[in-house]
Amino acid sequence: MGKLTDMQIKAWIKAKQHFEGQGDGDGLWLRYRENDKVPVWRFRYKFAGKSRVMQIGSYAHSITHKSAGIASRGRRQQFSVARSIVF
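Residues numbered from 1 in each chain as written. Predicted model: local features only at pLDDT ≥ 70, side-chain atom pairs only at ≥ 80, totals over all residues. Heavy atoms only, no water.

### Examining the side chain of Asp24
Point 1. With respect to the helices and strands, Asp24 occurs in strand 1 (residues 19-25).
Point 2. Buried charge without a partner: Asp24 forms no salt bridge, and the closest opposite charge is Lys3, 4.9 Å away.
Point 3. A polar atom in the side chain of Asp24 sits 2.4 Å from the backbone nitrogen of Leu4. (Helix = DSSP H or I, 4+ residues; strand = E, 2+ residues; numbered from the N terminus. Buried < 20%, exposed > 50% of the residue type's maximum accessible area, 1.4 Å probe, protein only. Lys, Arg positive; Asp, Glu negative; His and termini not counted. Salt bridge = Lys/Arg side-chain N within 4 Å of Asp/Glu carboxyl O. Polar contact = N/O pair within 3.5 Å; in protein donor to acceptor, adjacent residues only side chain to side chain.)

Rendered as structure tokens:
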């Protein structure tokens, strides 16, 4: 998976090009549905053998590198049941 750039994401928003998911690597995905005003960052991971998704925040309120750092730390960190929240 290639890294998403700020320029790519802004072009998708401007063109209103909606998508279910564009991967950025290390479990970080960007989702932009038709009913979304702005794209949303999501982190996909497995806990106890089950796939989970954690919404990190909207593109408008985050910086790409900051979200990538969160995903990277999340990959290395074991999630407890209390943190296993699916939005």
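### What to know about the environment of Leu4
Point 1. With respect to the helices and strands, the residue Leu4 is situated in the segment before helix 1 (6-15).
Point 2. Classification of Leu4 by relative accessible area gives buried; the value is 11%.
Point 3. Separated by 25 residues in sequence, Leu4 and Trp29 have C-alpha atoms that sit 9.5 Å apart.

### A word on the pairing of strand 1
Point 1. Bridge count between strand 1 and strand 2 (residues 28-32): 4 bridges; the pairing is antiparallel. Its bridge partner being in strand 2, Gly23 is matched across the sheet by Trp29.
Point 2. Linking two consecutive strands that pair antiparallel, namely strand 1 and strand 2, is a turn of 2 residues; a positive phi of about 55° is found at Asp26 within it. (Pairing = 2+ DSSP bridges.)

### Overview of the sheet that holds strand 2
Point 1. Strand order across the open sheet formed by 4 strands is 1-2-3-4, with antiparallel pairing between neighbours. The open sheet is flanked by strand 1 and strand 4 (50-58), the only strands paired with a single partner. Sheet twist, expressed as the average angle between the axes of neighbouring strands with direction ignored, equals 30°.
Point 2. Relative to strand 4, strand 3 (residues 40-47) runs antiparallel, the two being bridged by 8 bridges. Looking at the pairing, Tyr45 lines up with Arg52 of strand 4.
Point 3. Together, strand 1, strand 2 and strand 3 form the strand contacts of helix 1, whose direction differs from that of strand 2 by roughly 15°. (Axes fitted to C-alpha atoms, helices over the stretch in contact; angles between N-to-C directions. Contact = heavy atoms within 4.5 Å.)

### A few points about the pattern of salt bridges
Point 1. Across all of its chains, the model carries 3 salt bridges by this definition.
Point 2. For Glu20, the salt bridge is made with Arg33, and the minimal N-O distance between the two is 3.0 Å. Residue Glu20 is found in strand 1, and its partner Arg33 is found in the loop between strand 2 and strand 3; the two are separated by 13 residues along the sequence.
Point 3. Glu20 gets classed as partly exposed once you look at its relative accessible area, which sits at 43%.
Point 4. By relative accessible area, Arg33 is classed as partly exposed at 34%.
Point 5. The partner of Asp36 in a salt bridge is Arg31, with the nearest N and O atoms 3.7 Å apart. The same class applies to Asp36 as to Arg31, namely buried.

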